[in-house]
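Remarks on the overall topology
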Amino acid sequence: MGEILGLGITHYPPLAGRDENMSGILRGTLRDPAIPAELKNPANWPPLMQQEWGSDQGKTMAAEHRKTLLAGLDRIRAAIDDFQPDFVLIWGDDQYENFTEDIIPPFCILAYDTIQAQPWKLKAPGMPGGANVWSESEEFVSTIRGNREGAKFLASGLITEGFDVCYAYRPLHLQGVGHAFLNSVAYLDYYRKGFNHPVVCFSINCYGRRVITFRGGAARFGDTPPAEKLDPPSPSPQRCFDLGAATARVLKDGPYRVAVVASSSWSHAFLHDKAWRLHPDIESDRAFYEALLSGNYSKWRDTPLKDVEDSGQQEMLNWFCLAGAMSELKRTPSWSTFIESYVFNSNKCFAIFEHPGN
Ligand SMILES: [Fe+2]
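A brief look at the structure comes next.

Definitions and cut-offs
- Residues numbered from 1 in each chain as written.
- Predicted model: local features only at pLDDT ≥ 70, side-chain atom pairs only at ≥ 80, totals over all residues.
- Helix = DSSP H or I, 4+ residues; strand = E, 2+ residues; numbered from the N terminus.
- Buried ≥ 20, exposed ≤ 12 C-beta atoms within 10 Å, placed from the backbone.
- Pairing = 2+ DSSP bridges.
- Axes fitted to C-alpha atoms, helices over the stretch in contact; angles between N-to-C directions.
- Contact = placed C-beta atoms within 7 Å.
- Core = buried A, V, L, I, M, F, W, Y, C linked by C-beta atoms within 7 Å.
- Parallel < 35°, antiparallel > 145°, perpendicular 65-115°, else oblique.
- Left-handed = near helix turned anticlockwise from the far one by under 90°.
- Nonpolar A, V, L, I, M, F, W, Y, C, P; charged D, E, K, R; others polar.

Bringing unusual backbone geometry into the picture now. Note on backbone geometry: most residues besides glycine have negative phi, and most peptide bonds are trans. One non-glycine residue, Gln57, lies in positive phi territory at about 55 degrees. Position of Gln57 among the secondary structure elements: in the loop between helix H3 (47-53) and helix H4 (59-83). Unusually for a residue other than glycine, Arg215 sits at a positive phi of about 50 degrees. Among the secondary structure elements, Arg215 is positioned in the loop between strand E7 (199-204) and helix H7 (237-252). A residue is classified by how many C-beta atoms lie within 10 Å of it, and Arg215, with 15 of them, is partly exposed.

Right, let's get into helix H6 (residues 179-188). For H6, the buried fraction is high: 10 of the 10 residues fall into the buried class. Of all the positions in H6, only His179, Ala180, Phe181, Leu182, Asn183, Ser184, Val185, Ala186, Tyr187 and Leu188 are classed as buried.

Let us now look at the sheet that holds E7. If you trace the 8 strands from one edge of the open sheet to the other, you get E6-E3-E7-E2-E8-E1-E10-E9, paired in mixed fashion. Where the open sheet ends on each side, the last strands, each with one partner, are strand E6 (166-168) and strand E9 (335-339). Each neighbouring strand pair of the sheet contributes to a mean axis angle of 20 degrees, computed without reference to strand direction. Bridging between strand E1 (residues 3-9) and strand E10 (residues 348-353) involves 3 bridges; their strand directions are antiparallel. Looking across to E10, one finds that Gly6 is bridged to Phe353. Contacting strand E2 (87-93), strand E3 (107-110), E6 and E7, helix H5 (residues 148-161) crosses the sheet at an angle of about 155 degrees to E3.

Glancing now at the environment of Ala62. Mapped onto the secondary structure, Ala62 falls in helix H4. Taking the C-alpha atoms as reference, Ala62 lies 43 Å from Gly157; in sequence the two are 95 residues apart. In contact with Ala62, other than residues within four places in its own chain, are Asp19, Met22, Ser23 and Phe344.

Our next topic: the nonpolar core. Counting 84 residues, the largest nonpolar core has Leu7, Ile109 and Val261 as its most contacted members. For Val261, the residues in contact, after removing those within four places along its chain, are Leu7, Ile9, Val88, Leu89, Ile90, Trp91 and Ser184. Grouped together as the second largest cluster of nonpolar side chains are 13 residues, Met22, Ile25, Met61 and Ala218 included.

Looking at the secondary structure, you find Asn21 in the loop between E1 and helix H1 (24-29). A sequence separation of 107 residues divides Asn21 from Pro128, and the C-alpha atoms of the two residues are 7.0 Å apart. Once you skip the residues sitting within four places of it in the chain, Asn21 turns out to touch Pro14, Pro128 and Gly130.

In this section: the packing of H5 against H7. Relative orientation and spacing of two packed helices are given, respectively, by the angle between their axes and the distance between those axes. Direction vectors running N to C along H5 and H7 enclose 120 degrees, while the axes themselves pass 9 Å from each other. In this view, H5 runs oblique relative to H7, as classed from their interaxial angle. The two elements H5 and H7 meet at a crossing, and its hand is right-handed. Facing Leu154, Gly157, Leu158 and Glu161 of H5, the residues of H7 in contact are Ala246, Thr247, Arg249, Val250 and Leu251. Here the contact of H5 with H7 is composed, by residue class, of 5 nonpolar, 2 polar and 2 charged.

The next subject is the pairing of E3. Both faces of E3 are covered, namely the face carrying Phe107 and Ile109 and the face carrying Cys108 and Leu110. With 4 bridges joining them, E3 and E7 adopt antiparallel strand pairing. For Phe107, the partnering residue across the bridge sits in E7 and is Ile204. Of the pairings in the sheet, the one linking E3 to E6 comprises 3 bridges and is parallel in character. By the bridge assignment for E6, Ile109 is matched with Tyr167.

What follows is the structure, encoded as structure tokens:
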């Protein structure tokens, strides 16, 4: 019988940069000429947003935000180390990195033996410019163990279950994997002591209608094409939820100990058009968090894709996979924390769903 540990984390790109650059995404939005000036004036922002911005464009509060995120990451890392998985399965988005114009798979399991990447050469969407927080050079190589057999086992099980997932044995457009996965491992090894757990990356097309049109990143309001020019949609929340449930069933009946990880922040300001891309949809994220705590998984499964898109929660499709898996296993978080932020682009959540008996 397989054993499963459920986890949720963030791969928030600005955490890889320095505190003075952490509000960089908002600073970019404030340069968008199509956003009305009065909305860009901090004096008109919600009080908490003003407080985070402070007198130094968020630098002081960035240090606090980093501390909180690292505390969550420490806890998740300890849970993985205690569990000693055969592999760590990460649901993450591909933001026009490995998958571009020639193919956009809705779901793809990257069944690699080893991942070798140069994360600072990638210039992935949202990654901060300038020095990274570790002062690693562009030549720095991150080597991550894979688990091809485990990945093949999962792909076979899902296809047999009726989920015709894609799989790949080597990268397409990248040497390595996208930043959702690289950042996850980099942050779980923030203190650079090493991360020896094998990783299987499970790529989800979270960006859907914006994956090619927006190159999986931010755009200015004036450059936003009309709806009919956008790409086809991502898989729906319901489909991701059901994929997670099927994943749990396959792994439960398999021979592996697996830590399944949803990797993403929640609502993203730069995708939240209702607030002029200035801050994330805090109310909507709160409602999802409440539902997660109480095990109200129908709230997750029944949410229409349009609501997710309107709230800038595209990357949460990774968490919909986790929610489906935990619903299947009838678990609620044994520990979790929800971190709100107006200025630092997104709300973040960390969660642990322990394997019974651990
Ligand atoms: Fe992402």
